[in-house]
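What follows is the residue order along each chain.
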Amino acid sequence: MAASAHGSRSRDPHGEGNRNVAACEAALAIAMETTPDAVLQRIVDLAREVVPARYAALGVADEAGRITDFTTSGIAPEEWSRFGPIPEGQCLTRERISERVPLMIRDIAADPRWSESPPNHPPMQTLLGVPILVGDRVLGNLYLTDRLDGEPFDNDDLQALRMLAVHAAAAIDRTQIHRRVEEQRDVLRIILDSLPAGVVIMAAPDARIELINQAFAEMLFEPASPPGRLPVYNRDLRMLNADGTPVPHDQRPAIRALRGEETRNQQYLLENSRGKQVPILAQAVPLTDASGGVERAVLVVQNITQLREAEQLKDDFLSLVSHEFRTPLTTIHGGAHLLMNQGESLDQHTRLELLGDIVDESERLDRMLANMLILADIMAGRLATRQEPLLVEPLLRKAATEVAARTGKHTFDVDFAPNLPPAEGDPELLVQVLGNLYQNAVKYSPDGGKIHTTATSDGQTVSIALADQGIGMAADEIDRVFERFYRAGLDPSVRGTGLGLYLSRHLVTAMGGEIHASSSGPGEGALFTVTLPAVRDWINVSDEAPAAEIEEG
């Protein structure tokens, strides 16, 4: 091959030894680097020192022989940026990867295996190249071009570069393993951070936390987790029993796991860095090493706040149904039973009164059932709306008339601003909201009084305001009236499920609007305001019609 043609010259009787020593020193320097890019750059820089040359290059290839990394030395970054893509198309360098043999060329341009150089490639004459091998696997090739003294490369240069390539192979292999480990770690991190449950890895013997995922960090450091911060027990978190008492150290799930025990589906309270207690379901298992010893434990915690809320909702719902439905059902059953068994002996007035009670309580049951069906849709996330222009006036008058027909103590009046534009919304949902608001006004005005409604617009929105003369609200109640099952005031004679305003808020929000409550205080009545988007570019036909057309009409 080309190396035997050049032979070995005696430029320096100690040159070979010096180069071997330099190669060993270079190997030590390479071993000190840890990151893949730093290792590759150190190899090419040291190659030019071991065998003084103008340029050095290192091509790292994948299993298919394609160059994936190409690192140079002796070429300025701005010069290298003009070369274009990695020069893997040159047949000469590709051939070295496939043949796994060294290469020594006196005149690169004259070699028939050399294809056309890339644009802006610096002129080069002599070349020395060796493969970088790990066993039978080719990691890439290491090249030198143009000795600094102008002489061709010789066998001593080849041996020194081969020695350096052996150490370079070990360093590159190490960094590739490190890179694969990092990639696997990154994949694991992505998987862990995508889990809805909190995951913690703790080390023996004292359960020191080594890793947490995003879900666990959010539980501890709400609302934002400090980057890279690992929590410390008793500073950032504590485990409490379900009754709020501290869990003894030796009974903590992680400590038990480090003893080889497992914890399955155990409920605790997790107290975070802000003192907030989060109900959790905990699982903890030991992680054993190759010899079976326990070095680490993994703790998985699931925030069961929503589950607790769902259980509470179920309990509240059952309590509500058993209490609120009993009264109208009793009235309906009692009236119907009396009419069936003693109807002929009752006078006309009594019969009509019983029938009226049955009708009223039946309608009340129907309204409660409608509210609960809407509640079920809201909780299941299946509430559907259809947005369309709504003429507010007829809907308001219809809702007020229906409620007025069921009460003899209240008077209703409705005022509309002139040229009121249509609102954007769902007619069925708005009728439900208005019915709930009027029923609420009647219920919390047990002594009667006026229920005054106004409808106005600022051009962008349409506002509907209902004011009653009822029991009013204290300041601390105003923010709570839209909560589920909440009922303002302490008067036990005021019946209701506490769902009307809660549902109204959700329905108005679903239509893209807002609802607000206000009151001057107890005994001062209450005001509820619904605001919906106004129809854009609305034109009042009566205002815009030409005068001639009006006269003709």
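Rules and cut-offs
- Residues numbered from 1 in each chain as written.
- Predicted model: local features only at pLDDT ≥ 70, side-chain atom pairs only at ≥ 80, totals over all residues.
- Heavy atoms only, no water.
- Helix = DSSP H or I, 4+ residues; strand = E, 2+ residues; numbered from the N terminus.
- Buried < 20%, exposed > 50% of the residue type's maximum accessible area, 1.4 Å probe, protein only.
- Contact = heavy atoms within 4.5 Å.
- Core = buried A, V, L, I, M, F, W, Y, C linked by side-chain atoms within 4.5 Å.
- 1 Å grid on protein atoms, 1.4 Å probe; cavity = no way out; pocket = protein on both sides within 12 Å on 5 of 7 lines; lining within 4 Å.
- Points joined across faces, edges and corners; volume = space filled by probe spheres on them.
- Nonpolar A, V, L, I, M, F, W, Y, C, P; charged D, E, K, R; others polar.
- Salt bridge = Lys/Arg side-chain N within 4 Å of Asp/Glu carboxyl O.
- pLDDT = per-residue confidence, 0-100.
- Pairing = 2+ DSSP bridges.
- Axes fitted to C-alpha atoms, helices over the stretch in contact; angles between N-to-C directions.
- Expected span 1.5 Å × (residues − 1).
- Parallel < 35°, antiparallel > 145°, perpendicular 65-115°, else oblique.
- Left-handed = near helix turned anticlockwise from the far one by under 90°.

Moving on to the environment of Thr-385. For Thr-385, the position within the fold is in the loop between α11 (348-380) and β12 (388-390). Residue classification places Thr-385 among the partly exposed positions, given a relative accessible area of 34%. Along the backbone, Thr-385 and Asp-426 are 41 residues apart, and their C-alpha atoms lie at a distance of 6.0 Å. Apart from residues no more than four positions distant in its own chain, Thr-385 is found in contact with Asp-426, Leu-429 and Ala-510.

Here we take up the nonpolar core. If you look at the biggest cluster of nonpolar residues, it comprises 53 residues, and the most contacted ones within it are Val-392, Leu-396, Leu-437, Tyr-438 and Phe-528. In contact with Val-392, not counting residues within four places along its chain, are Phe-416, Leu-420, Ala-423, Ala-455, Val-462 and Ile-464. Ala-53, Leu-158, Ala-160 and Leu-164 belong to the second-largest nonpolar core, a separate cluster that totals 28 residues.

Another aspect to go through is empty space enclosed by the protein. Under the definition given, this model contains two cavities of 30 Å³ or more. Classifying every residue of the lining of the second largest cavity by side-chain character gives seven nonpolar, no polar and one charged.

For the structure on display, the rule yields 19 salt bridges. When the shortest N-O distance is used, the salt bridge between Glu-388 and Arg-386 registers 3.1 Å. The residue Arg-386 makes a salt bridge to Glu-428 at a minimum N-O spacing of 3.9 Å. Remark: Glu-428 occurs in helix α13 (residues 427-443) and Arg-386 occurs in the loop between α11 and β12; sequence separation between them is 42 residues. Within this structure, Arg-208, Glu-210, Glu-295 and Arg-296 form a network of salt bridges that share partners.

So, about the confidence of the model for the chain. With 80% of its residues at a pLDDT of 70 or more, the chain has an overall mean of 81. Predicted confidence is poor over residues 1-11, with pLDDT under 50, and the contacts of this stretch with residues over four places away or in other chains come to 26 contacts. Confidence drops under pLDDT 50 across residues 541-553; counting only partners more than four residues distant or on other chains, this segment forms four contacts.

Below, the discussion takes up the layout of surface pockets. As a volume, the second largest pocket reaches approximately 360 Å³. Taken together, 17 residues line the second largest pocket, and the ones lying closest to its centre are Val-60, Ala-61, Asp-62, Gln-176 and Arg-180. Put simply, the parts of the chain that give the lining of the second largest pocket at least two residues each are α3 (36-50), β1 (53-61), β2 (67-73), β5 (137-147) and α6 (155-194).

Our next topic: the sheet that holds strand β8 (residues 238-240). Ordered by their spatial adjacency, six strands build an open sheet running β7-β6-β11-β10-β9-β8, and the pairing between neighbours is antiparallel. At either margin of the open sheet sits one strand with a lone partner, and together these are β7 (208-212) and β8. Strand-to-strand, the axes of this sheet are offset by a mean angle of 40 degrees, without reference to chain direction. By the bridge criterion, nine bridges tie strand β10 (residues 277-288) to strand β11 (residues 294-303) in an arrangement that is antiparallel. Across the sheet, Pro-286 pairs through a bridge with Ala-297, a residue of β11.

Turning our eyes to something else, we now look at α3. With 15 residues, α3 ought to run about 21 Å at 1.5 Å a step, and its terminal C-alpha atoms sit 21 Å apart, in line with that. Where α3 is concerned, the buried positions are Pro-36, Val-39, Leu-40, Ile-43, Val-44, Leu-46, Ala-47 and Val-50.

The next point concerns the packing of α13 against helix α15 (residues 500-510). Relative to each other, α13 and α15 sit at 150 degrees, their axes nearing to 9 Å. Between α13 and α15, the angle is such that the two are roughly antiparallel. As α13 runs across α15, the sense of the crossing is left-handed. Note on element contacts: α15 touches α13 through Gly-500, Leu-501, Leu-503, Ser-504, Leu-507 and Val-508, opposite Leu-429, Gln-432, Val-433, Asn-436, Leu-437 and Asn-440. Taken together, the residues of the contact of α13 with α15 sort by class into seven nonpolar, five polar and no charged.

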